[in-house]
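Below are the chains, spelled out letter by letter.
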Amino acid sequence: MSRPSPSASPSSALPSSSPGAPRPGGVDWRVRFGALALIWGFSFLFIKVGTDGFAPFQVTFGRLLFGTAVLAVAMVAKRDRLPRGARTWGHLAVAAFLLNALPFSLFSYAELTIPSTLAGICNATTPLWGMLLSLVALSEDRPTRVRAAGLGIGFIGVLTVLGAWQGFSGLDVTGTAMALLASFSYAVGWIYVRRTLAGTDASNLSLAGTQVGLATVQLAIVTPLFTSWPEHFEIMPLLSVVALGALGTGAAMLLQYGVVAEVGPTTASMVTYFIPVIATAAGVAVLGEGLTWNTPVGAVIVLAGAALTQTRGPRRAARREPVRDHVPTATPAGTPTPAMTPAAPSTPATPAASTASATTTAPAGADPGRSRPVAQ
């Protein structure tokens, strides 16, 4: 589920009005927040339907292609420029692989054998992976008892979703592992971006658009090597791929940035907790996927644990440095994103994404005061 990127430099993009104040003549942020949650939540359904007519790599390539097109139009409309410097482009290429090409492909392959509901819930584990990794990779992130408890609770939730007490019977281990690995990739990518692209002199829209574009190039190289041209194009899978890219990876990123700019990253990151709920509802209601008691119960436990991992302990008085983080989102792969998350150890879309935990969630995914939306 990709996890959304800003559209201009802070000086020109951030509204001068107080957080939460409606923009003159604009759509209320709550409506845009709801649209964002729906888009990322339905991304797992779009992936599932897309793989009915196309190979997983083709679904991912189409998603990235249409997402790039939307972001390119936005960049042209805002007269934004591409990032400069070979070093920045190199880091963006790695970010494109970790936050887009790899997790998007893994979710597509996973949904060949697991329901979209399970994929959406796996995307919600990104904050858990993010916190676990940040304890090793980010020296400024110190564990607290609450966050450590959240990590443990979250993984208990994962075991509940998977039905560990039943020996994981009836569960496709390979597909589930791929979905969890996709969420893990969002977390790795978020940490990489935070360590390498902080302070880059380029707008969020420029960074995210370039990142998604580079991921498209990567898939354009890989896809022909492992797939053949489709003999025919079925309308529903084709429309699902278009929606997945244009909405889930393109328009959602622009929506997310607007919400972050208006109400702040802390409120915007709450979208992460709606994604698995919507993904589950869509899978059951639209695709007729089965649902046992442990799936929704486990999902609630996962989300509770993820929420605890994002709590921050009392801060020490320290010098503040201006930070301009280009941070990822999940999403979902869907979402996710995959995905935007608060800038810290947690990351969804999630997409998947990516999700809220993957930006600085998502979905699929931190320090609320330093978060920037990213491409999921």
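All figures in this text were calculated on a predicted structure; none of them were measured in a lab.

A tally of regular secondary structure across the protein chain gives 13 helices and 1 strand. Each helix (α) and strand (β) of the protein chain, taken in turn from the N terminus, gives the series α-α-α-α-α-α-α-α-α-α-α-α-α-β. Carbon and sulfur atoms form 67% of the exposed surface of the protein chain, whose accessible area is close to 14800 Å².

Now for the packing of helix H2 (residues 29–50) against helix H5 (residues 116–123). Relative orientation of the contacting elements H2 and H5 amounts to 135 degrees, with a least axis distance of 9 Å. Relative to H5, the element H2 lies oblique. H5 is crossed by H2, and the crossing has right-handed handedness. On H5, the residues that touch Phe44, Leu45 and Lys48 of H2 are Ser116, Ala119, Gly120 and Asn123. When grouped by side-chain class, the residues that make up the contact of H2 with H5 number 3 nonpolar, 3 polar and 1 charged.

A separate point is the packing of aromatic side chains. In this structure the tally under the stated criterion is 11 aromatic pairs. Where Phe107 meets Tyr186, the ring centres are 6.4 Å apart and the plane angle is 35 degrees; that geometry is what we call tilted. In this pair, Phe107 sits in helix H4 (residues 86–110) while Tyr186 sits in helix H8 (residues 173–196), placing the two residues 79 residues apart along the sequence. Given the relative accessible area of 0%, Tyr186 is considered buried. With 5.8 Å between their ring centres and 75 degrees between their planes, Trp229 and Phe233 make a pair best called edge-to-face.

Let us look at the side chain of Thr227. Assignment of secondary structure puts Thr227 in the loop between helix H9 (204–226) and helix H10 (235–263). A distance of 2.7 Å separates a polar side-chain atom of Thr227 from the backbone oxygen of Thr223. The contacts of Thr227, once residues within four sequence positions are left out, are Ala55, Phe57 and Gln58.

Glancing now at the packing of helix H7 (residues 145–162) against helix H13 (residues 294–309). Packing of H7 against H13 brings their axes to within 7 Å, and their N-to-C directions diverge by 165 degrees. In terms of orientation, H7 lies roughly antiparallel with respect to H13. For the pair H7 and H13, the crossing hand works out as left-handed. Between H7 and H13, the residues in contact are Val146, Arg147, Gly150, Leu151, Ile153, Gly154, Ile156, Gly157, Val158, Thr160, Val161 and Leu162 and Asn294, Thr295, Val297, Gly298, Ala299, Ile301, Val302, Gly305, Leu308 and Thr309, respectively. Partitioning the contact of H7 with H13 into residue classes produces 12 nonpolar, 9 polar and 1 charged.

Okay, the nonpolar core next. Grouped together as the largest cluster of nonpolar side chains are 72 residues, with contacts concentrated most on Trp40 and Phe107. Sort the elements by how many residues they give to this core and H2 lands first, with 11 residues.

Bringing helix H12 (residues 275–285) into the picture now. Taken residue by residue, H12 has Ile275, Pro276, Ile278, Ala279, Thr280, Ala282 and Gly283 as its buried positions. Residues of H12 that are buried in the fold lie against H2, H5 and H13.

Let us now look at the environment of Trp293. You can see Trp293 is positioned in the loop between H12 and H13. With 133 residues separating them in the primary sequence, Trp293 and Thr160 have C-alpha atoms 9.7 Å apart.

Attention now moves to the pattern of salt bridges. As enumerated under the stated definition, the model contains 2 salt bridges in all. The residue Asp28 makes a salt bridge to Arg30 at a minimum N-O spacing of 3.1 Å. Residue classification places Arg30 among the exposed positions, given a relative accessible area of 52%.

The subject of this paragraph is the side chain of Ser43. Of note, Ser43 is situated in helix H2. When its relative accessible area of 1% is taken as the criterion, Ser43 is described as buried. In terms of polar contacts, Ser43 uses its side chain to reach the backbone carbonyl oxygen of Ile39, at 2.9 Å.

The next thing to look at is the confidence of the model for the protein chain. In this model, the protein chain carries an average pLDDT of 78, and 73% of its residues clear a pLDDT of 70 or more. The least confident element of the protein chain is helix H1 (residues 10–13), whose mean pLDDT is 32; the most confident is helix H3 (residues 56–77), at 97. Throughout residues 1–20 the model reports pLDDT below 50, and contacts reaching past four residues in sequence, or to other chains, amount to 121 contacts. Confidence drops under pLDDT 50 across residues 316–375; counting only partners more than four residues distant or on other chains, this segment forms 528 contacts.

Before going further, it helps to spend a moment on H13. Under the 1.5 Å per step criterion, the end-to-end length of H13 is 22 Å for 16 residues, consistent within 8% with the ideal 22 Å. Within the span of H13, buried status applies to Asn294, Thr295, Gly298, Ala299, Val302, Leu303, Gly305, Ala306 and Thr309. Each buried residue of H13 sits inside an arc of 165 degrees when the element is viewed along its axis, so together they form one side. Against H5, helix H6 (126–137), H7 and H12 lie the buried residues of H13.

Its location among the elements puts Asn123 in helix H5. For Asn123, a relative accessible area of 1% translates into the label buried. Distance from Asn123 to Thr272, taken between C-alpha atoms, is 9.6 Å for residues 149 residues apart in sequence.

What counts, and at which threshold
Residues numbered from 1 in each chain as written. Predicted model: local features only at pLDDT ≥ 70, side-chain atom pairs only at ≥ 80, totals over all residues. Heavy atoms only, no water. Helix = DSSP H or I, 4+ residues; strand = E, 2+ residues; numbered from the N terminus. Areas by Shrake-Rupley, 256 points an atom, 1.4 Å probe, with all protein chains shown as cover. Axes fitted to C-alpha atoms, helices over the stretch in contact; angles between N-to-C directions. Parallel < 35°, antiparallel > 145°, perpendicular 65-115°, else oblique. Left-handed = near helix turned anticlockwise from the far one by under 90°. Contact = heavy atoms within 4.5 Å. Nonpolar A, V, L, I, M, F, W, Y, C, P; charged D, E, K, R; others polar. Phe/Tyr/Trp six-rings, centres within 6.5 Å; stacked < 30°, edge-to-face > 60°. Buried < 20%, exposed > 50% of the residue type's maximum accessible area, 1.4 Å probe, protein only. Polar contact = N/O pair within 3.5 Å; in protein donor to acceptor, adjacent residues only side chain to side chain. Core = buried A, V, L, I, M, F, W, Y, C linked by side-chain atoms within 4.5 Å. Salt bridge = Lys/Arg side-chain N within 4 Å of Asp/Glu carboxyl O. pLDDT = per-residue confidence, 0-100. Expected span 1.5 Å × (residues − 1). Arc of directions from axis to C-beta.

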